[in-house]
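Below, each chain spelled out in residue letters.
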Amino acid sequence: MNSDPEKQSPQEDGLSRSASNTNGRELHKGLEGRHVTMIALGGSLGTGLLIGTGSALVKSGPAGILIDYSIVGCLVFLIMAALGEMISYMPLSQGFGGYASRLVDPSLGFATGYCYFFKYLLATPNQLSALALIVKYWVGDRVSPAVFITIALVLILLINSISVKTFGEFEFWLSSLKVVIILGVIFLLLILAAGGGPTGDCPGFRYWSDPGAFAEYKVDGAKGRFLGLWSALATAVYAFSGTELVGVTVGEAKNPRLNMPKAVRMTFFRILFFYIISVFLLGMVVPYNSTDLAFAVGSKTSAAASPFVVAIKLAKITGLDHVVNACLLVFVFSAANSDIYIASRTLYGIAADGKAPRIFTFTSKNGVPIIALGVCGAFCCLAYMSVATGGATVFGYLTNVVTIFGLLTWVSILVTHICFRRARTVQRIDAAYIPFEAPFGTMGSYVALVPLIVIILTKGADVFVGQFDYKNFIVGYIGIPVYLVCIFGYKLVKRPSRVTSATADLVTGVPTMTVAEERAQFEAERKEKEAAHSHSGMLVKVYRRTFAYLF
């Protein structure tokens, strides 16, 4: 079984590898490798990148935004590497909270699960509100935003209620379209930076000198430049938010030990190409003090709010604003579709972990947690608050807590990974059962954990400059007491024992085959399928030989 008698394989104690769910409470593994890969690739490509970069550029300048996105990008890569090592070894359907409960402490699992659930419970109606505002760019006030919110809500509930395979197929093509759109935007910015626009102007690095590489935010001088750099970090975090969602799909993915490492490895290239290059080029073609950019930052969520549209206007290209608005519509609908999926699966995972009513683990015959989905769908009615002016203000504050809940979830993932590595060492798990290892190991998680905690504690530092903004202070930091109350409250009420490295369960839910055996089996099955489809139509063959390699 193992060449080293001192190392253990996960199956040696004979425990069951399957979840403890009974019939009618199991998720179906309907996500193919291409679904998982493309969901990972397009998961975090949303309005945070196409719109949020505008406010970050105004606050920090072209060099500042490049530094911020590079810093957060490095942190996200370390987080995804840590997550990939855990979920590829033991693919569980209990979500991030389930891993924390098993490897660290049930109290941390409780806090992690609910913080992540709260994040997407607020994020989904926020996306629906944004969608209505995007359509409003074309129809104005002639049609109530409530109409478009209702249409979008019905569609995403329908897509998610059929089956996970249906959801995966929709997200595959929507994410593919998002990738094509972002590629088009990057090439457009490159052409404009090189002087290929209608005006023939070649800005190059002109705006790095005038008005400058760093913007002054709220106060003048070096203090203002540092404040701008630091304040824009929160915007960068929001842009990367959702990168970890591939970890939620693991409970419904086929061959997760083979597909998850591939999805995680793509994170580095996604960060480098889609984020770093796009903000770098944006800083070359749009000055941070542009009046058009100031208008965009003050606009609602639509094409008017996108700094990429500002770049198009400065280049005097007409008509593309409607194209960008249509692209934003695709991005936001995809985000709403995936957000409600994450929210429902997170609630299912909390219940499967024993920290929510068991009824939320009930699934339809197609493996959809239909009751959990219904609860999340009902909560989406908060989107109708955005129709009224007063309600929109209150709702805007509520949705701002998404960033802090996302940061706290990242912290929990890193802490869980550190404990996972310790348990692996103590229990001497054979490396043959580890499909993917974080490149920097435990040290990488420590390196990411420290700056994340600093960002959490200081992300709202700008509210103390000038007149104290108590509303944004509360919104920016309310997630911290919620997280701590969940941890210590559960500890006081349930009094669970802390998990040690020796007692951590590294067996239940772990496949019995080695990675090499599973890969050989997968290749054999793949060849059988190819042989069975050797007489497929021309369109299928073209797809397999072209887009299948890309997506």
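Reading guide: rules and limits
Residues numbered from 1 in each chain as written. Predicted model: local features only at pLDDT ≥ 70, side-chain atom pairs only at ≥ 80, totals over all residues. Heavy atoms only, no water. Helix = DSSP H or I, 4+ residues; strand = E, 2+ residues; numbered from the N terminus. Buried < 20%, exposed > 50% of the residue type's maximum accessible area, 1.4 Å probe, protein only. Contact = heavy atoms within 4.5 Å. Areas by Shrake-Rupley, 256 points an atom, 1.4 Å probe, with all protein chains shown as cover. Axes fitted to C-alpha atoms, helices over the stretch in contact; angles between N-to-C directions. Left-handed = near helix turned anticlockwise from the far one by under 90°. Nonpolar A, V, L, I, M, F, W, Y, C, P; charged D, E, K, R; others polar. Patch = residues over 30% accessible without salt bridge, like charges linked within 9 Å, V, L, I, M, F, W, Y side chains within 5 Å. Salt bridge = Lys/Arg side-chain N within 4 Å of Asp/Glu carboxyl O. Parallel < 35°, antiparallel > 145°, perpendicular 65-115°, else oblique. Expected span 1.5 Å × (residues − 1). pLDDT = per-residue confidence, 0-100. Phe/Tyr/Trp six-rings, centres within 6.5 Å; stacked < 30°, edge-to-face > 60°. Lys NZ or Arg CZ within 6 Å of the ring centre and 35° of its normal. Arc of directions from axis to C-beta. Disulfide = S-S within 2.5 Å.

Asker: Sorry, what's going on with the overall build of the protein here?
Answerer: Helix and strand counts for the protein come out as 22 helices and zero strands. When each of the 551 residues of the protein is scored for burial, the buried share is 56%. Restricting the contact set of the protein to residue pairs at least 6 apart, pairs at least 24 apart contribute 82%. For the protein, the computed accessible surface area is about 22800 Å², with 66% contributed by carbon and sulfur atoms.

Asker: Whenever I open this one, the side chain of serine 445 confuses me. Can you help?
Answerer: Locating serine 445 in the fold gives a position in helix 17 (residues 441–458). Using a relative accessible area of 1% as the deciding quantity, one classes serine 445 as buried. Discounting residues that sit within four places of it in the chain, serine 445 has contacts with Ala82, Leu414, His417 and Ile418.

Asker: I keep staring at the packing of helix 5 (residues 106–139) against helix 16 (residues 402–427) and nothing clicks. Help me out?
Answerer: Helix-helix packing is described using two parameters, namely the angle between the two axes and the distance between the axes. The contact between helix 5 and helix 16 brings their axes to 9 Å, and the two run at 150°. The chirality of how helix 5 crosses helix 16 is left-handed. Residues Leu108, Thr112, Cys115, Tyr116, Phe118, Lys119, Leu122 and Ala123 of helix 5 form the contact with helix 16, whose participating residues are Val402, Phe405, Gly406, Thr409, Ser412, Val415 and Thr416. When its residues are assigned to classes, the contact of helix 5 with helix 16 shows nine nonpolar, five polar and one charged.

Asker: Which parts of the structure should I look at to understand a nonpolar patch on the surface?
Answerer: Taken together, Phe464, Phe468, Tyr470, Ile474 and Ile478 make up a surface patch of nonpolar side chains, about 500 Å² in accessible area. Tracing the backbone shows isoleucine 478 in the loop between helix 18 (470–477) and helix 19 (479–494).

Asker: Would you mind going over the pattern of salt bridges with me for this structure?
Answerer: Where side chains of opposite charge bring their charged atoms close, a pairing between them can arise. According to the stated counting rule, one finds nine salt bridges in the structure shown. Note that glutamate 244 is salt-bridged to lysine 119, the shortest N-O span being 3.6 Å. Separated by 125 residues along the polypeptide, glutamate 244 in the loop between helix 9 (221–240) and helix 10 (256–285) and lysine 119 in helix 5 bring together distant segments of the chain. Each member of the pair, glutamate 244 as well as lysine 119, is classed as buried. Residue glutamate 437 is joined to arginine 421 by a salt bridge in which the shortest nitrogen-to-oxygen separation is 3.5 Å.

Asker: Where do I start with the packing of helix 3 (residues 52–89) against helix 10 in this structure?
Answerer: For the pair helix 3 and helix 10, the least separation of the axes is 9 Å and the interaxial angle reads 175°. Looking at the two axes, helix 3 sits roughly antiparallel to helix 10. Of the residues belonging to the contact of helix 3 with helix 10, the class tally is 21 nonpolar, seven polar and one charged.

Asker: Looking at this structure, I do not really get helix 7 (residues 164–193). What am I missing?
Answerer: Since the α-helix packs 3.6 residues into each turn, any two residues three or four apart lie on the same face. The end-to-end C-alpha separation of helix 7 is 42 Å, in line with the 44 Å expected for 30 residues at 1.5 Å each. Glycine 195 sits one or two residues past helix 7 and shows a positive phi near 90°.

Asker: Could you clarify how one ought to interpret the confidence of the model for the protein in this entry?
Answerer: Parts of the model with low pLDDT should not have their predicted coordinates read in detail. In this model, the protein carries an average pLDDT of 82, and 85% of its residues clear a pLDDT of 70 or more. Within the protein, the element-level pLDDT minimum falls on helix 22 (residues 547–550), averaging 50, and the maximum on helix 19, averaging 94.

Asker: Explain unusual backbone geometry to me, please; I cannot follow it from the model alone.
Answerer: Glycine aside, the phi torsion of most residues is negative, and most peptide linkages are trans. Residue proline 211 is bonded to the preceding aspartate 210 through a cis peptide linkage, with omega at 20°. With respect to the element layout, proline 211 can be found in helix 8 (residues 206–212). Not every positive phi belongs to a glycine, and lysine 316 is a case in point at roughly 60°. Take lysine 316: it is sitting in the loop between helix 12 (307–314) and helix 13 (320–352). The phi angle at arginine 495 is positive, at roughly 50°, despite the residue not being glycine. Residue position: arginine 495 is located in the loop between helix 19 and helix 20 (515–532).

Asker: It is not clear to me how the packing of aromatic side chains should be interpreted in this structure. Could you clarify?
Answerer: Two aromatic rings, taken as a pair, are described by how far apart their centres are and by the angle between their planes. Under the criterion given, the structure shown has 20 aromatic pairs. With centroids separated by 4.1 Å and ring planes inclined at 10°, the aromatic side chains of phenylalanine 167 and tyrosine 341 adopt a geometry described as stacked. With phenylalanine 167 in helix 7 and tyrosine 341 in helix 13, this residue pair connects regions lying 174 residues apart in the sequence. Each member of the pair phenylalanine 167 and tyrosine 341 is classed as buried. For the pair phenylalanine 464 and phenylalanine 468, a centre-to-centre distance of 5.5 Å together with 35° between the ring planes defines the contact as tilted. Among the aromatic side chains, those forming a connected cluster through ring pairs are Phe110, Tyr114, Phe117, Phe118, Phe405 and Tyr490. For the cation-ring pair, lysine 178 lies above phenylalanine 331, with the distance from its terminal atom to the ring centre recorded as 5.6 Å.

Asker: Would you take a moment to explain helix 19 for this structure?
Answerer: Compared with an ideal rise of 1.5 Å per residue, which puts 16 residues at 22 Å, helix 19 spans 22 Å between its outermost C-alpha atoms and is within 8% of the ideal. Of the residues making up helix 19, those classed as buried are Gly479, Tyr483, Cys486, Ile487 and Tyr490. Taken end-on, helix 19 shows its buried residues confined to a sector of 90°, consistent with a single buried face. In this structure, helix 19 carries Val485, Phe488, Leu492 and Val493 as exposed residues pointing more than 90 degrees from its buried face. Where helix 19 is buried, its residues contact helix 5, helix 16 and helix 18. Of the residues one or two after helix 19, arginine 495 is the one with positive phi, at around 50°.

Asker: What am I meant to see in the side chain of threonine 346 here?
Answerer: By secondary structure assignment, the location of threonine 346 is in helix 13. Given a relative accessible area of 9%, threonine 346 falls into the buried group. For threonine 346, the contacting residues outside a window of four places in its chain are Gly113, Tyr116 and Phe117.

Asker: Is there a simple way to think about the environment of lysine 316 in this case?
Answerer: Judged by its relative accessible area of 60%, lysine 316 falls in the exposed class. Put simply, lysine 316 and proline 198 are 118 residues apart on the chain and 6.6 Å apart in space, counted from C-alpha to C-alpha. Excluding residues that lie within four positions of it along the chain, lysine 316 makes contacts with Pro198 and Thr199.

Asker: Any chance you could explain the state of the cysteines here in plain terms?
Answerer: Covalent bonding between the sulfur atoms of two cysteines defines a disulfide. Under the defined criterion, the tally for this structure stands at zero disulfides. With no disulfide partner, cysteine 115 has as its closest neighbouring cysteine sulfur the one in cysteine 486, 5.4 Å distant. For cysteine 115, a relative accessible area of 0% puts it in the buried group.

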